[in-house]
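Spelled out, the chains give:
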Amino acid sequence: QKEVEQDPGPLSVPEGAIVSLNCTYSNSAFQYFMWYRQYSRKGPELLMYTYSSGNKEDGRFTAQVDKSSKYISLFIRDSQPSDSATYLCAMSLSGAGSYQLTFGKGTKLSVIP
Amino acid sequence: NAGVTQTPKFQVLKTGQSMTLQCAQDMNHNSMYWYRQDPGMGLRLIYYSASEGTTDKGEVPNGYNVSRLNKREFSLRLESAAPSQTSVYFCASSSPDLAKNIQYFGAGTRLSVL
């Protein structure tokens, strides 16, 4: 079993739709959870991060972590064509000195005008 | 406001040639990383440097060497390039002493080995 599983898509939605992106993981020691957005031919950029369980909201984006189910989600409300990108989940252990991130393989999203 | 800068952006090599990918960050981060990204494989860690003067192997280190030149710069060397090393290479940096280990990425180097 891979440490982090992420459906690669592609996912295609109409403009204005609510998008749900998800990852599951197997290592219960993960404490920090991140979502990166990667536009075509660009480097990944941090979109959101959360610590442990709970929700975090930033504009149209909401990140959710359910540690009991080992499941994280990213919701995008009122999706826009500019949201078309590949979304990567990532997670890490807690504490100073945790040098490695474990990434999902990414979900490619297309928002159709 | 440069962040992480990678050079070159594109490179074509012949099998057996060598080259060095350069990376520099201006965020005063202690840790730096090299990844490769291949279709269907996601991001895979090649090497990382937790702090100046240290380097460690990641998931796929074979065929690569690294040098942490100073706090700002971390280079990746291919001594004898192979077609299997055709990929997009990303450098990243972070400050794990802040406990989050949020990594910031460069724009990437697209490498083709013929």
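Keep in mind that what you see is a predicted model, and the values were worked out from it rather than measured.

A. Fine view of the overall build of chain B. Of regular secondary structure, chain B possesses 0 helices and 11 strands. Written out in order from the N terminus, the α and β elements of chain B read β-β-β-β-β-β-β-β-β-β-β. Its C-alpha atoms give chain B a radius of gyration of 13 Å, near enough to 13 Å, the size a compact globule of 114 residues would have. If one aligns the C-alpha atoms of chain B with their principal axes, the spans along those axes are about 40 × 25 × 25 Å.

B. Quick peek at the state of the cysteines. Taken as a whole, this structure holds 2 disulfides over all chains when the rule is applied. Shown here is the disulfide that connects C23 of chain A with C89 of chain A, its sulfur atoms set 2.0 Å apart. Measuring handedness by torsion sign, the sulfur bridge of C23 of chain A and C89 of chain A sits at about -100° and is left-handed. Residue C23 of chain A is found in strand β3 (residues 19–25), and its partner C89 of chain A is found in strand β9 (residues 85–92); the two are separated by 66 residues along the sequence. By the burial criterion, C23 of chain A is buried, and C89 of chain A matches it. Linked covalently through their sulfurs, C23 of chain B and C91 of chain B form a disulfide whose S-S length is 1.9 Å.

Parameters at a glance
- Residues numbered from 1 in each chain as written.
- Chains lettered and ligands numbered in written order.
- Predicted model: local features only at pLDDT ≥ 70, side-chain atom pairs only at ≥ 80, totals over all residues.
- Heavy atoms only, no water.
- Helix = DSSP H or I, 4+ residues; strand = E, 2+ residues; numbered from the N terminus.
- Rg over C-alpha atoms; globule rule 2.2 N^0.38 Å.
- Disulfide = S-S within 2.5 Å.
- Buried < 20%, exposed > 50% of the residue type's maximum accessible area, 1.4 Å probe, protein only.

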